Every structure is written in structure tokens, then in C-alpha cells.
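A closer look at the structure
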Amino acid sequence: MKSGLNFLVAAKRCEIAELQQLALTSALVNVSARLVHGLQRERGLCNLYLGSLGTRFAEARAQQIDDCRRIEAELRACFDTLDTDSARPGHGARLFSRIAYLLHGLDALPALRQQVDALQWSARQATEAYVRLIAGLLAVVFEAADSAGDPEISRLLVALFNFMQGKEFAGQERAAGSALLATGRAETGEQQRLLHLIESQERCLQVFTEFSSPEVGALWAQTQASAPLAELERMRRILGTAAHSAPLDASQCQAWFDCCSLRIDGMKAVEDRLAQDLQRVCEEKITAARGDLQACLALSAPTAAAGDPLSFFRDTPAPPGGSAGAGLAVPAHGYGPQLERSILELVQAQARRLQTMGDELDTVRASLNERKLIERAKGLLMAHRQLSEEEAHKTMRQMAMNQNRRLIEVAEAVLAMAAVL
């Protein structure tokens, strides 16, 4: 008959397997972050190339495309390490569905580049195409965060996802500003889009700050105290306050791109630190879990339990001379009082740890669930009122301000009206 120790050992082995899967997922997230960064830069160069009608930035764009191809090959190799043959409960279906969608986009990327080469697409069309592809990469990171069963790893993934999303909005700002300057004329719609992107960055970075470690937070603050950021703010004001159809200095394209790039490269350093912390924590937890497993295996003994029959109900060993376990000799077959107590303590410690992990995970996932609800509500408004994503978010934010409610409460109210709409 199997004992409690048998199942405790099995639980530890399951925990190690889950942590190893998380380590693989974290490596995938790391490469995904690098590809997002590469595609963001490629998108910006693409806009400059199209804005100049192919007369400038061709060489820089070609070099960036080569870099992205190398990282894409690494990402596809990471996908090959995932176990797609055995069905896994939990979030595996959603994660694999996101990966399938992303691979479809990566397969279409060469055709997108050919359209840009031939100047067949406008800067806005190309930007939207890159935004969709990068959103596919970020969706993979989101599902990885949502599927993490360890609260510390989950917090790191939530911080990383929100930081990557904020950095993506910064990349979109770089691309939109480059395209606007390249035209040489202010346009109200694009100016509003820039403001929306700046506000979206701030929202994501607030969540990142909430979930990141103090060390990473300090690194982020350090990157913000720089002259390039002040120059970026100056150029933002010029772009945002110019009257509709007012002339813009097209020669500032490169200055805007470089200024935004300096900030995004600084963000990449923070992103790299988050990815490194994620890998480190995974490795440390796997090592600790293996140590726990060895401790359990060291207690292996015949399964015929003996000793104190009431030990399950005690938090501490019975004192010498106590009524329940006093005077018991170690039996020839069975755990014996001390060994039995050691096993019980391991089981109790495991139960307490799992309870704590569950409570912490509930807190971490609340942020992810809020994001899901807000995105669903925006999608409903976009479909019902034919709004853009920016317009839908602005509408919900205005509703929240008018009603003195949180954005998540407005999203819940919108979704509650889904059947009526």
C-alpha cells in the first residue's frame, strides 16, 4: 500500500516538472522579448524608408531585417523544445493557440517586407501590420504569465509583460512620429494617436512598477533621468501642439528616431534585467525543489506505519513523559516516532507553502484578469460603435471619470450590457 511519503515524493516530482516547463517558457519569453525589440526597430526604419519614398534608410533597414531573421530562428527553435504531443491540463491550449497564430504571422513576414521594398504599402499600413505581429508575440508572453503556477515567477512575468507592452507603445510612438515628420505636415488624427500612445505607456509602466522588484524599479528610474528623455519631451510638445496642416521640419525625422531609440534601448536594458531575473529564479527554484525531493527520498522506509497514531493532530512532537507518544520504542518495521514526525512536518510545510502560493497567485492574476476584461470591453465597443482601439479606450476612460469609477468597473458594466448591445 502506498504511503503519504510516496505521494509527497510524487508531488515534489510534479513540482520539478512544472518548474522545468516554466524554465522553458521563460527562455521562450526571453527570445520573444528580443524579437519584439528587433521588430520594433525594423518597423521604425520601415516608416522612415517609406516616408522618404525609398531614398533613405535602405541599408539600415536591410541590416535590421537580417538581425530579426536570426532572432526569429532562435524563437522557432524554442518552440521546438515545447512538448506538443502530450495533452496538458491548464493553460496549454491557450498558449499553443497563441503560438500557432504567431507562427502564421511570422510566415507572412517575408511578404510584408516585399510590399515595403516595392513601396506598395503606406507607412500606416506597414505600421499596423507590424503592430499586429508584435501583438501576437506579446500574447504569447501574456499566456505564459497567466499559466505560471509559482507566484514569484508569475509576478516577474506580469512585470515583464507590462513592461514589454509599454515598450511596444513606445515603439509605436517612434514609428508614428517618424511617419508624421516624414510627411512634413501636422495631422490631427496622428497627433491624437501619439497622445494615446504616450498615455498607454504610462498605464503599463504603472503596473510594471507595482510588480517589479525594488532593484529593477531603481534601474528603470535611473534610465529616466537622462538628457535624451528631456529632448524627447521637447519634440513631443512640438508634434502634439502643431496646428492641423501646419508644416513640420522633415529633417527632424532622424533626430526623432534617434531620440526615441535611445529611450527604447534604455528600456531594453531593464527588459533584459527582468528576463535574467526570471531565468535565475526558475533555476533557483528547480534546485531548491530537487533538494526537497532528496530530503523526501532520504526518509524512504517500509510503508507499514507505526508509532504515535495521534501525530497527525499535533503541531509539535509530544514532550518526554507526555501521554500520547511517551515511552514508544522504534519498531522494527515502520517509520518510528522521529521519522514519522519528519514526514509529517514535510507534508505540513508543503501544504502551508501551497496555500501561500495560491493566495499570492490570486493577487497576481487579478491584474491579468482586469486586463482581459478591459480588452474585451474595448472590443465590444469597437464592434458595436465602429470605433478604433484608441477611441474605445478614450470612451471608457471618459465614462470612468464622469461616473467616478475605476476603469475595470466601467469594463464590467459594458460587458454586462453585451446581450443588449
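Residues numbered from 1 in each chain as written. Predicted model: local features only at pLDDT ≥ 70, side-chain atom pairs only at ≥ 80, totals over all residues. Heavy atoms only, no water.

1. A closer look at the overall build of the chain
Helix and strand counts for the chain come out as 12 helices and 0 strands. The linear arrangement of helices and strands in the chain, starting from the amino end, is α-α-α-α-α-α-α-α-α-α-α-α. Expressed as a percentage of its 421 residues, the buried residues of the chain come to 43%. Relative to all contacts within the chain whose residues are 6 or more apart in sequence, the contacts with residues 24 or more apart total 81%. Accessible surface, the chain as shown: approximately 20,900 Å² in total, 56% of it carbon and sulfur. (Helix = DSSP H or I, 4+ residues; strand = E, 2+ residues; numbered from the N terminus. Buried < 20%, exposed > 50% of the residue type's maximum accessible area, 1.4 Å probe, protein only. Contact = heavy atoms within 4.5 Å. Areas by Shrake-Rupley, 256 points an atom, 1.4 Å probe, with all protein chains shown as cover.)

2. Focus on the pattern of salt bridges
With the rule as written, the count across this model stands at 21 salt bridges. Look at the salt bridges and you will find they share partners, linking Arg 273, Asp 277, Arg 280 and Glu 284 into a network. (Salt bridge = Lys/Arg side-chain N within 4 Å of Asp/Glu carboxyl O.)

3. A few points about the packing of helix α7 (residues 214–224) against helix α9 (residues 253–298)
α9 packs onto α7 with a crossing angle of 170° between their chain directions and a minimal axis gap of 9 Å. When the axes of α7 and α9 are compared, the pair comes out roughly antiparallel. Along the contact surface, α7 presents Glu 215, Val 216, Leu 219, Trp 220, Thr 223 and Gln 224, while α9 presents Arg 263, Gly 266, Met 267, Ala 269, Val 270, Arg 273, Leu 274 and Asp 277. When its residues are assigned to classes, the contact of α7 with α9 shows 7 nonpolar, 3 polar and 4 charged. (Axes fitted to C-alpha atoms, helices over the stretch in contact; angles between N-to-C directions. Parallel < 35°, antiparallel > 145°, perpendicular 65-115°, else oblique. Nonpolar A, V, L, I, M, F, W, Y, C, P; charged D, E, K, R; others polar.)

4. Considerations on the nonpolar core
Among soluble globular proteins, nonpolar side chains are generally buried collectively. Ranked by internal contacts, the top residues of the largest apolar core, which has 69 residues, are Leu 39, Leu 75 and Phe 208. The set of elements that each furnish at least two residues to this core consists of α1 (4–51), α2 (58–81), α3 (92–117), α4 (123–147), α5 (151–183), α6 (188–211), α7 and α9. Ignoring anything within four residues of it in the chain, the contact list for Leu 39 reads Cys 68, Leu 109, Arg 113, Tyr 130, Leu 133, Ile 134 and Leu 137. Among the nonpolar cores identified, the runner-up in size contains 23 residues, and Leu 45, Ala 186, Ala 242 and Trp 256 belong to it. (Core = buried A, V, L, I, M, F, W, Y, C linked by side-chain atoms within 4.5 Å.)

5. As for unusual backbone geometry
Notably, Leu 53 is not glycine yet its phi reads approximately 55°, a positive angle. Mapping Leu 53 onto the fold places it in the loop between α1 and α2. A positive phi angle, near 60°, is found at Leu 119, a position not held by glycine. Within the fold, Leu 119 resides in the loop between α3 and α4.

6. Some details on the side chain of Thr 127
The residue Thr 127 is located in helix α4 in this model. Assessed through its relative accessible area of 4%, Thr 127 is described here as buried.

7. Structural notes on the side chain of Lys 167
As for its position among the elements, Lys 167 is in helix α5. Those residues within four positions of Lys 167 in sequence are excluded, and the remaining contacts are His 37, Gln 40, Ile 264, Met 267, Lys 268 and Glu 271.

8. Quick notes on the packing of α6 against helix α11 (residues 389–403)
Their axes nearest at 11 Å, the elements α6 and α11 cross at an angle of 60°. As judged from the angle between their axes, α6 and α11 are oblique. Helix-helix and strand crossings are classified by hand; for α6 and α11 the assignment is left-handed. Judged by residue contacts, Arg 193, His 196, Glu 199 and Arg 203 of α6 engage Glu 389, Glu 390, His 393 and Arg 397 from α11. By residue class, the composition of the contact of α6 with α11 is no nonpolar, 2 polar and 6 charged. (Left-handed = near helix turned anticlockwise from the far one by under 90°.)

9. A closer look at the packing of aromatic side chains
Within this structure, the stated rule accounts for 3 aromatic pairs. Pairing Phe 163 with Phe 208 gives two aromatic rings, centres 4.7 Å apart and planes at 55°, and the pair type is tilted. Of this pair, Phe 163 sits in helix α5 while Phe 208 sits in helix α6; the two residues are 45 residues apart in sequence, bridging distant segments of the chain. Here Phe 163 falls in the buried class, since its relative accessible area comes to 0%. Residue Phe 208 is classed as buried on the basis of its relative accessible area, which comes to 0%. Note on Phe 208 and Trp 220: the rings are 6.4 Å apart at their centroids and 90° apart in plane angle, and the pair reads as edge-to-face. (Phe/Tyr/Trp six-rings, centres within 6.5 Å; stacked < 30°, edge-to-face > 60°.)

10. Thoughts on the confidence of the model for the chain
Summing up the model confidence of the chain, the mean pLDDT is 78 and the portion of residues at 70 or higher is 79%. The spread of mean pLDDT over the elements of the chain runs between helix α10 (residues 337–385), the lowest at 63, and α2, the highest at 94. A low-confidence stretch, residues 301–306 stays under pLDDT 50, and its non-local contacts, those more than four residues away or across chains, total 17 contacts. Note on residues 316–341: pLDDT is under 50 here. Beyond four places in sequence and across chains, it has 38 contacts. (pLDDT = per-residue confidence, 0-100.)

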